[in-house]
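Architecture and fold: a report
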Amino acid sequence: MPRLRLLASIALLVMPLAACAPYRAGSFQTGLTRFPEQRTSRGCLDIGLAAAYDSEAEGPVLDVYLGNRCDESVWVDLSALQVNAQLSTGERIFVGLYDPRAELQPALLGGRESVMERIELEAPTDSVVLCAYLDALSAAASAGPEQVLCAEVAGA
Amino acid sequence: MMRSLATPSLALLLLLGASTPVLASPCGGGSSSGSSGGSSGSSSGGSSGGSSSSSSSGCTDATSIIGRTECSRFGTWDRQLFGPMRWSMAFTGGTSSVSGMHLAGEVTHDQVHDYHLPTAPNVRNTPERFGMGGFEIEGTAFVTDKLHLGLHTGFALGAGDGASSQVGELTLRSKSVVQLSTAGVIGLSIPLGSWQVRSDTLIGLRSTNVSIESQQGSCIQQVMAWNNQLMLEPRVGIDKWISPWLSAGIMVGSDLMQADDLTIAIGITGHTTPRDNAGVVGLLR
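Reference entry: report on the structure contained in this document. Not measured: the values here are computed from a predicted model.

1. Here we look at the side chain of B:Gln229
Residue and element names in this part refer to chain B. Following the sequence through the fold, Gln229 ends up in strand 12 (residues 219-241). Only 3.1 Å separates the side chain of Gln229 from the backbone oxygen of Met257, close enough to count as a polar contact. Once residues within four sequence positions are removed from consideration, Gln229 is found in contact with Met101, Gly204, Leu205, Arg206, Met257 and Gln258.

2. Focus on unusual backbone geometry
Among all residues except glycine, the phi angle is most often negative; among peptide bonds, the trans geometry is most common. Residue and element names in this part refer to chain A. Phi at Ala102 is positive, roughly 50°, even though this residue is not glycine. As for its placement among the helices and strands, Ala102 is situated in the loop between strand 8 (92-97) and strand 9 (107-109). With a phi angle near 60°, Arg112 is a residue other than glycine that sits in the positive phi range.

3. Quick look at the packing of aromatic side chains
Residue and element names in this part refer to chain A. A complete count under the given rule lists five aromatic pairs over all chains for this structure. Judged by centre distance (5.8 Å) and plane angle (20°), the rings of Tyr23 and Phe35 are stacked. Residue Tyr23 is located in the loop between helix 1 (2-20) and strand 1 (29-30), and its partner Phe35 is located in the loop between strand 2 (33-34) and strand 3 (38-42); the two are separated by 12 residues in the primary sequence. Assigned by exposure class, Tyr23 and Phe35 land together as buried. Connected via pairs of aromatic rings, a cluster forms that spans Tyr23, Phe28, Phe35 and Tyr65.

4. Regarding the environment of A:Glu122
Residue and element names in this part refer to chain A. Secondary-structure assignment places Glu122 in strand 10 (residues 114-122). You can call Glu122 exposed: its relative accessible area is 52%. Between the C-alpha atoms of Glu122 and Val95, which are 27 residues apart in sequence, the distance is 5.8 Å.

Definitions and limits used
- All residue numbers here refer to positions counted from 1 along the written sequence of the relevant chain.
- By the order in which they are written, chains take letters starting at A while ligands take numbers starting at 1.
- Under the rules for a predicted model, residues below a pLDDT of 70 receive no local features and side-chain atom pairs below 80 are neither given nor counted, while totals for whole chains, interfaces and linings still include all residues.
- Side-chain numbers come from the whole structure's heavy atoms, not from hydrogens or water.
- Here a helix means four or more residues in a row that DSSP labels H or I, a strand means two or more in a row labelled E, and each is numbered from the N terminus.
- Nitrogen and oxygen atoms within 3.5 Å of one another constitute a polar contact, given that in protein one can donate a hydrogen and the other can accept it, and given that sequence-neighbouring residues count only through two side-chain atoms.
- Should any heavy atoms of two residues lie within 4.5 Å, those residues are considered in contact.
- Only rings of Phe, Tyr and Trp enter the pairing, Trp through its six-membered ring, and a pair is recorded when the two centres are within 6.5 Å. The plane angle decides the type: under 30 degrees is stacked, over 60 is edge-to-face, the rest tilted.
- Note on exposure labels: buried denotes an accessible area under 20% of the residue type's maximum, exposed denotes more than 50%, and partly exposed covers the range between, all computed with a 1.4 Å probe on protein chains only.

The structure is reproduced here in structure tokens:
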């Protein structure tokens, strides 16, 4: 029991420190949080994507994980994200981002920092797959051929 | 550091020097909304559905979905309350002097004598200068891209034969000094590639403890005297980045309120953001 207590104390001390660690390029993990399996790297950005239905939202939501691989800050424009939804019928449509207060603006992601944002989509509730076109996300991520990341909608 | 939308906990923010820590994670972020479960494979992130985020005002959001939060807004990770911070420690060397300092006290030989320095004229038998060595630490935060503010504290010891003064029948000679300094720092940092030019001005208080040898005939006594005086020390120096998080450098300065003062500080600095986020890539605006 004393040993368990000691281990628990060490874990309590170390876990917050691990969470405070700067983002490590290519790790797709920050602190104790792992990026979803749908992930890719573009320029300075490591990007992860997950999709789900959320009881607080009318449409499906997209979780966008971003990790800055570089020492320098990176402009990220989530408002420019283009998302394509595949419906249960097989039809594919481009959908808008739910942003009634026009909050989504270009923002600086600091060097070696990471962030996760949950964005609701103005998409039908029978969406089964969401695909995000990553080129518009950041000029720092636009090198190379156009890249698309798709995630099945959990709970669809 | 993972960040998200929720407003920071103040204590955590002060502790980390980070801009916007969030409720769900000690360093601001973690999964403030949890991850959503499966993607085309399966997400490793946890449960579906948003968790809450809250602000220090006590406002709590039931979700972290952009547009549906009441307490927080998107992009707080971009609006840093504090800029990059850095912590420095350095070994110092240099010279100092007690000439001009007002030192007063009593010394007992066959009887109690009052002394007051400096006397006029001083009788000098050796150059009035101490070799100094010490240690200092400094914490600063950037308030603009190049301007930083902070706090500095230092400790230094000096030894040597100081000036002699004749006070009545007594011959007083300062033998060693101990200096403690506490100051505010204001300065500029200018990045030059992997180098950084710095200029700091330290404004504060310096306390000096002087060990004085008092001689009357063949009787020699040691007494201690304290002097407190304002400190105004401009410094210039240069830092070299040795990793994205560490720089090493040298600074040279002189306390304008103290005669014959020169300090050379060689130290290492830790930075809370790599290279102080001096660069930006992917310009959109």
